[in-house]
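Descriptive structure summary
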Amino acid sequence: MTTFEGAHVTELLTVPARAGRAQDLLSQMTLEEKLAQIVGFWEKEDGEAVAPLQGEFTAEHGLADAVRHGLGHLTRVYGTRPVDAVERAQWLWAQQRSLVRDTRLGIPALVHEECLTGLSAWRAATFPTPLAWGASFDPDLVTRMGASIGESMRTLGIHQGLAPVLDVIRDPRWGRVDECISEDPYVVGTLGTCYVRGLQSAGVHATLKHFVGYSGSQSGRNFAPVHAGPREVADVLLPPFEMAVLDGGARSVMSSYIEIDGVPVAADPTILTDLLRDRWGFEGTVVADYFGVAFLHLLHGTAADAGDAAGQALAAGVDIELPTGDAYLEPLAAAVRSGRVDEALVDRAVLRALRQKEELGLLDATFDDAPPTAVDLDTPEHRRIAGRLAQESVILLSNDGTLPLRGGGQVAVIGPNADRAEALFGCYSFLNHVIAHHPGVEAGIKILTVREALTAELPAASVQWAPGCAVDDDDRSGFDEAVRVAAAADVAVLVVGDHAALFGRGTVGEGCDRDDLELPGVQRELVEAVLATGTPVVLVLLTGRPYAVDWALERCAAVVQTFFPGEEGGPAVAGVLSGRVNPSGHLPVSLPRSAGAQPFSYLHPALGGDGDVTNLRSTPALPFGHGLSYTTFAHEHLAADERVPTDGRIGARVRVTNTGDLAGDDVVQLYARDLVGSVTRPVAQLVGYRRVSLEPGESVVVSFEVPTTRLAFSGRDMTRIVEPGEVDLWVGPSCDAYETRTRVTLTGPVHPVGIDADRWTTVTVESAG
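Model, not experiment: these values are computed from the prediction.

1. Remarks on the overall build of the protein
For the protein, the helix and strand inventory stands at 21 helices and 27 strands. The principal-axis extent of the C-alpha atoms belonging to the protein is close to 75 × 70 × 50 Å. Burial statistics for the protein: of 769 residues in total, 63% are counted as buried. If you take every contact in the protein between residues at least 6 apart in sequence, the share linking residues at least 24 apart comes to 80%. With an accessible surface of roughly 26,200 Å², the protein has 49% of that area assigned to carbon and sulfur atoms. Looking at charge distribution, the protein has the averaged site of its 61 positive side-chain charges lying 2 Å from that of its 102 negative ones.

2. What about the sheet that holds strand β23 (residues 720-722)?
Taken in spatial order, the 3 strands line up as β22-β23-β26 in an open sheet, and their pairing is antiparallel. The open sheet has two edge strands, β22 (713-714) and β26 (751-752), and neither has a second partner. For β22 and β23, the ladder comprises 2 bridges, and the chain directions are antiparallel. In the sheet register, S714 faces β23, and the bridge partner there is R720.

3. So, the sheet that holds strand β24 (residues 725-732)
Pairing is mixed in the open sheet, where 5 strands are placed in the order β17-β25-β24-β19-β20. Each edge of the sheet is formed by a strand with only one pairing partner; in this case those strands are β17 (643-645) and β20 (685-694). Going across the sheet, the axis of each strand differs from the next one's by a mean of 25 degrees, ignoring polarity. In this structure, strand β19 (residues 664-674) lies alongside β24, joined through 6 bridges in antiparallel fashion. Residue L670 lies in a different strand from β24, and its bridge partner there is V731.

4. Focus on the nonpolar core
One broad rule of soluble globular proteins: the nonpolar side chains tend to lie buried together. With 186 residues, the main nonpolar core has I38, F211, Y328 and L332 as its most contacted residues. When residues of this core are assigned to their parent elements, the largest contribution, 8 residues, is made by helix α7 (residues 185-201). Here F211 is in contact with L238, F241, V253, M254, S255, S256, V265, I271, L272, L275, L276 and W280, once residues within four sequence places are set aside. Counting residues in each nonpolar core, the second largest holds 37 residues, with L403, A418, V576 and V581 among its members.

5. Regarding the pattern of salt bridges
Side chains that carry opposite charge are capable of pairing whenever their charged atoms lie near each other. On inspection of all chains with the given rule, the structure shows 46 salt bridges. The salt bridge involving D728 is made with R741; its shortest N-O contact spans 3.6 Å. Of this pair, D728 sits in strand β24 while R741 sits in strand β25 (residues 740-747), and the two are 13 residues apart along the sequence. The buried category is assigned to D728, whose relative accessible area is 9%. By relative accessible area, which is 46% here, R741 ends up partly exposed. The closest approach of N and O atoms between D728 and R743, which form a salt bridge, is 2.6 Å. With a gap of 15 residues between them, D728 in strand β24 and R743 in strand β25 connect regions that are remote in the sequence. One continuous salt-bridge network, built from bridges that share partners, spans D138, R388, E392, D665 and R691.

6. Here we look at the environment of L397
Within the secondary structure layout, L397 lies in strand β10 (residues 395-399). Classification of L397 as buried rests on a relative accessible area of 3%. Residues L397 and L591, 194 residues apart in the sequence, show an inter-C-alpha distance of 9.6 Å. Ignoring sequence-local partners within four residues, the contact set of L397 consists of L541, L553, V559, Q561, L587, L591, L622, H626 and L628.

7. Examining the side chain of D674
Tracing the chain through its elements places D674 in strand β19. Buried charge without a salt bridge: D674, with R681 as the nearest opposite-charge side chain at an N-O distance of 4.1 Å. Excluding residues that lie within four positions of it along the chain, D674 makes contacts with R681, F713, E726 and V727.

8. A word on the packing of helix α8 (residues 230-237) against helix α9 (residues 239-246)
It is at 5 Å that the axes of α8 and α9 come closest, and there the two elements cross at 45 degrees. One way to sum up the angle between α8 and α9 is to call them oblique. Seen from α8, the contacting residues are V233, A234, D235, V236 and L237; seen from α9, they are P239, P240 and F241. Of the residues belonging to the contact of α8 with α9, the class tally is 7 nonpolar, no polar and 1 charged.

9. With respect to unusual backbone geometry
Cis geometry is adopted by the peptide bond preceding P164, which originates at A163 and carries an omega value of 10 degrees. If you check the backbone angles, F223 has positive phi at about 70 degrees while not being a glycine. Structurally, F223 can be placed in the loop between β5 (205-211) and α8. What makes F223 partly exposed here is its relative accessible area of 22%. Here F564, not a glycine, exhibits a phi torsion of approximately 35 degrees, which is positive. Here F564 is to be found in the loop between β15 (558-563) and α21 (569-578).

10. Concerning the packing of aromatic side chains
Inspection of every chain in the model, using the stated rule, returns 20 aromatic pairs. Taking 5.9 Å as the distance between ring centres and 85 degrees as the angle between the ring planes, the aromatic pair formed by W93 and F367 counts as edge-to-face. One end of the pair, W93, is in helix α4 (residues 85-102); the other, F367, is in the loop between α14 (343-359) and α15 (380-393), and 274 residues separate them in sequence. The class for F367 is buried, based on a relative accessible area of 10%. Centre to centre, the rings of W174 and Y214 are 5.1 Å apart; their planes meet at 75 degrees, and the pair counts as edge-to-face. Note that W174 is positioned in the loop between β4 (160-161) and α7 and Y214 in the loop between β5 and α8, a separation of 40 residues in sequence. Both residues of the pair, W174 and Y214, count as buried. A network of ring pairs unites the aromatic residues W42, W174, Y214, F223, Y257, Y290, F291 and F295 as a single cluster.

11. A word on the confidence of the model for the protein
Residues of the protein with pLDDT of at least 70 account for 95%, and the chain-wide mean is 95. Counted against residues more than four places away or in other chains, residues 5-19, with its pLDDT under 50, gives 23 contacts.

12. Details of the environment of W42
Topologically, W42 is positioned in the loop between β1 (40-41) and α3 (63-66). A sequence separation of 20 residues divides W42 from G62, and the C-alpha atoms of the two residues are 9.6 Å apart. Looking at W42, its side chain comes within polar contact range of the side chain of T80, at 2.7 Å.

13. Observations regarding the packing of α7 against α9
The interhelical angle for the contact between α7 and α9, taken along N-to-C directions, is 30 degrees, at an axis separation of 8 Å. Classed by the angle they form, the pair α7 and α9 counts as roughly parallel. Pair α7 / α9 crosses with right-handed handedness. Two secondary-structure elements touch here, α7 through P185, Y186, V188, G189, T190, T193 and V196 and α9 through P239, P240, M243 and A244. When grouped by side-chain class, the residues that make up the contact of α7 with α9 number 8 nonpolar, 3 polar and no charged.

14. A few points about helix α17 (residues 450-457)
Those residues of α17 lying buried are V450, A453 and L454. One face of α17 carries all of its buried residues, which in axial projection span an arc of 95 degrees. Residues of α17 that are buried sit in contact with β11 (410-414), β13 (491-497), β14 (537-543) and α21.

15. Quick word on the side chain of N417
Within the element layout of this structure, N417 appears in the loop between β11 and α16 (430-433). Residue N417 is classed as buried on the basis of its relative accessible area, which comes to 0%. Within the structure, N417 has its side chain in polar contact with the backbone oxygen of D498 (distance 3.2 Å). Setting aside chain neighbours within four positions, we find N417 in contact with A423, V471, V495, V496, G497, D498 and L542.

The rules behind the values
- Residues numbered from 1 in each chain as written.
- Predicted model: local features only at pLDDT ≥ 70, side-chain atom pairs only at ≥ 80, totals over all residues.
- Heavy atoms only, no water.
- Helix = DSSP H or I, 4+ residues; strand = E, 2+ residues; numbered from the N terminus.
- Buried < 20%, exposed > 50% of the residue type's maximum accessible area, 1.4 Å probe, protein only.
- Contact = heavy atoms within 4.5 Å.
- Areas by Shrake-Rupley, 256 points an atom, 1.4 Å probe, with all protein chains shown as cover.
- Lys, Arg positive; Asp, Glu negative; His and termini not counted.
- Charge placed at Lys NZ, Arg CZ, Asp CG, Glu CD.
- Pairing = 2+ DSSP bridges.
- Axes fitted to C-alpha atoms, helices over the stretch in contact; angles between N-to-C directions.
- Core = buried A, V, L, I, M, F, W, Y, C linked by side-chain atoms within 4.5 Å.
- Salt bridge = Lys/Arg side-chain N within 4 Å of Asp/Glu carboxyl O.
- Parallel < 35°, antiparallel > 145°, perpendicular 65-115°, else oblique.
- Nonpolar A, V, L, I, M, F, W, Y, C, P; charged D, E, K, R; others polar.
- Phe/Tyr/Trp six-rings, centres within 6.5 Å; stacked < 30°, edge-to-face > 60°.
- pLDDT = per-residue confidence, 0-100.
- Polar contact = N/O pair within 3.5 Å; in protein donor to acceptor, adjacent residues only side chain to side chain.
- Left-handed = near helix turned anticlockwise from the far one by under 90°.
- Arc of directions from axis to C-beta.

Laid out in C-alpha cells, this is it:
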C-alpha cells in the first residue's frame, strides 16, 4: 500500500502563493468541507446508463445529505434525462441558494455538462460531430459554434463544459472516432483550440479530453492499454493539448482512462504535474474522467482500495473526482486520518477548485436573482451555424457526373439511415446519449431526415422509399422491396452507415468498437443487390468513422461521406445531392482499404507505406485531405523562401483559381516533408491550410507564414528540435497529390524549441488581380 507523505510529495505540493478569497476559505475548512469541494454529486435514476460501468457503483446519498458540508460540482443537471430547461433552472437556482444560505461557508456548486455536439440538454441545438468539424477545415466557424454553445450554457447556470475531445485518431476501429476531429495533430489543435476560445468567450470553462493517449489504445479497443512510445506521445498525441492550453487558455483538463506503458494516466504525476503544470504552466483544474479514480483500483489494479486510488490520483494531480465522490469522500477521509495520504495534497486540490470558482464569480454569487423564465436553446442563429457547418463537412468522395441530381424523374431513396433521425447524430448527442433511454419522449428539436429533406429539395421528382434493412442485424427481408423500388428509378440514393450509442448498443460510440471496417450488418449486401439492378447508385455514408468502401468507389455512380452532420444534416446532404450546395468537405482521416492495415496514419515514415519489402498494401483507399467539388480548382506557382534559419518562418505563396463554372470553396492544403532527419520523419505533414471561396474564374494568392516549429520533432534525446536541411513543400487536393511543389533549405544550427515558440501558421488571402 502506498503512503503519500513526506519528501515523496514535496515538489508536488508547490502551489503558487496568491492571497485571496480562496486561500482564506481553505484555511477555515474542516477535512469534510475540503473533500466536499473536490467531488461531484450526480442525481441518477435506475436504468440510466450514460457512463462506463455506471451500474457497478453503489447508489449515492440523497442530495440533502451530500451537500451538508458543501459541494464541488453538480453533475449533468440538464443532461442526464429529458427535463424542461426552465423548470430545471428553477430547481438549480434553489439548490444554489440553499448552498449559499444553509452551509457553513456558503459556497455554491460548479455545474458541469457535456457539450461535445452542443449543450447536452433536451431541446438544445445539436451540431455536427467533431469529425465533421475536421472535414470542414473551418476554424472560424468552429469558434462561432463554441460561443453559441457557451451562451446557452451560461444562461442556464452551467459553468464548465466537458469538451472538446483532442484525441488524435490513430485507429478507425476505435468506437470514439466520431468524437475526435482528425488524424492530424495540427487540425485537431487548431480546431480544438478555436472551440475552446469560443466556449470560454461566453464565460464557460472548457475541459480538454482525454489527456492523454486515449485514442491510441491496443487494437482500437476502448480502455485498452496504450503502447505508444514517448516520441509518438510527444510529437503526435500531445500537441493539440499543448495548443489548447498555451494558445487557447483552457481552464480545465480531464485525465484519460488509459495506461501508457503500464502506468495509468490518472496516477501519473509526470503527465499531470511535471508536464501539464510545471512545463506548460497550466493553473486550472484537472478533473477525473467519470469513475476514473476508482478505476485505478477496480480496473487497473494499481491501487489496493479506493483510498489508495484517491491518494495516487491526488498525488498525480487529479483535483476533482467526477461524477461523484466514490474515492474522494469516505475512502480518502480515512486515508488522510490514518496518515496514508498527506492532507496537504487535499489542500492543493481544494485551493485549485476554489480558485476556479472564484474565477467564475461563484464565490460571490448569491443566486438571489431569478432564473431564466424563457429559454430558446435552438435559435435561428444556432440553426444557421449548424447548417453551414453541416454543409461544409459533406465530402464528395467520387462522382461520375451523376451528381448533382437533375431535379425531375424517379428517385429511389433506400437504406437504413435514409429516414432515421438518429442517424444524423453522434454518440454524445442528447438524442442518442439520453433520449434513447426514454422511449416515447420526442426529440425536442426539428429534424429532417435525408429522405424528408431530399423530397423537399426535389419537388419535381417522384421520390420512392424503402429501408432495405436495419443498420446492424442480418434481416434481409426488405431487400426485395428495395430492389423493386431501385429498378423502377432513374437513380437510387442509398443511405447507409452507423448508429451511434454507448457500450455495445450501437455500431459506433463509446464502447462500440469494431474488429472489421465493413459496413455494419448486411448493408453491403443491400448495396450489392441495388447495384445489380443497373440503376445508378449514389451511396451516402452517414457514419461516425471511415469504413473500407473502396469497392463502392469503383462501382457506385457517386459516393458521399458525411460524419454525423447534426440537426441540419438532412438538408445539407440533400442540398449537396441536388446541387444547391457545392460540396467542399475534405477527409480529416484517411479512408481505409482494410481493417488489416490498421492502425494507419498519413503521418507515417517511408517504411509505413507501400513498398517492395511487403506483399500487402497499407495505403488507404483515399488519402487524408481528399474531397471533390462540382467545380474544379487549380493550384499553381508555389513559391517559397529558398533559405530559412532553423528558428525562423517559411514564407510560401500559391495561386489558387476556380477553373470551373460554379462558385465553390476550396481547402488549400500546404504539406511538407523533412527529407533527412536524425529520427525518421513522416512522408507528408500538413503545415498550413485555409478555406477560400471563389467565383468561377476567380484567382487568389494564398500566403503562408510557417514557423519552422511546425517541423519540430523530438530528437534522439527527446528534446524538441528543428534540424537544418532540405524540406519539400507542396500544395494539392490531398496529402499525396503534388500539384505544385518547391523546396526550402533550413540553415543554421539545430534549434531547440521551447513552449514559447509559435505553433500556428499564419495564412492570408489576396486577390490575384
